[in-house]
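# Structural description and commentary
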Amino acid sequence: QVQLVESGGGLVQAGGSLRLSCEASGSIPSIGAMAWYRQAPGKQRELVAHIIKGGTTNYADSVKGRFTISRDNTKSTVYLQMNSLKPEDTAVYYCNGNWWGLDYWGKGTLVTVSS
């Protein structure tokens, strides 16, 4: 079984920064492949950033150059550093991982960016 718990969301002004964390627990072999998604009000959930085994990262075009995904294997934690935040970044952010062919999701953390 796997548990993912996000933290770090909050209210921030446009142009500000936040760092989200997602701690994984359970009998997982590693957290080498993880992703951050977000869902804005009235919109579908979208992929924000993805880190795979080996450290290769991918980003949505809308956040490229502003967001950075990283991980700390010793802490079983994946991070999303968000800089130069825009009002359109407002959403609930979810972390995601896949083990044994199944997707696991956190409950989400709310990020609100004011203009």
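Now for a description of the structure that goes with this document. Worth saying up front: this structure is predicted, and the values here are computed from it rather than measured. Along each chain, residues carry numbers from 1 onward, in the same order as the chain's sequence is written. Under the rules for a predicted model, residues below a pLDDT of 70 receive no local features and side-chain atom pairs below 80 are neither given nor counted, while totals for whole chains, interfaces and linings still include all residues. Values reported for side chains reflect all heavy atoms of the structure, with hydrogen atoms and water molecules removed beforehand.

## Notes on the packing of aromatic side chains
Inclusion rule: Two rings belonging to Phe, Tyr or Trp (six-membered ring only in the last case) form a pair when the distance between their centres is within 6.5 Å. Interplanar angles under 30 degrees mark stacking, angles over 60 mark edge-to-face geometry, and anything in between is tilted. Look at NZ for Lys and CZ for Arg. If either is within 6 Å of the ring centre and within 35 degrees of the ring normal, a charge sits over the ring.
All chains considered together, the criterion is met by two aromatic pairs. Its end group placed over the ring of Y94, R45 keeps NZ or CZ at 3.8 Å from the ring centre. The ring of W105 has R45 sitting right over it, with the charged end atom 4.7 Å from the ring centre.

## Focus: unusual backbone geometry
The condition that has to hold: In this description a helix means any DSSP run of H or I spanning at least four residues, a strand means any run of E spanning at least two, and both kinds are numbered starting from the N terminus. Only protein chains enter the accessibility calculation, which uses a 1.4 Å probe; a residue is then buried when its area is under 20% of its type maximum, exposed when over 50%, and partly exposed in between.
Its identity as a non-glycine residue notwithstanding, S84 has a phi of 50 degrees, on the positive side. As for its placement among the helices and strands, S84 is situated in the loop between β8 (77-82) and β9 (91-99). A relative accessible area of 41% places S84 in the partly exposed class. One non-glycine residue with positive phi stands out, namely W100, at about 55 degrees. Its location among the elements puts W100 in the loop between β9 and β10 (102-105). The class for W100 is exposed, based on a relative accessible area of 53%.

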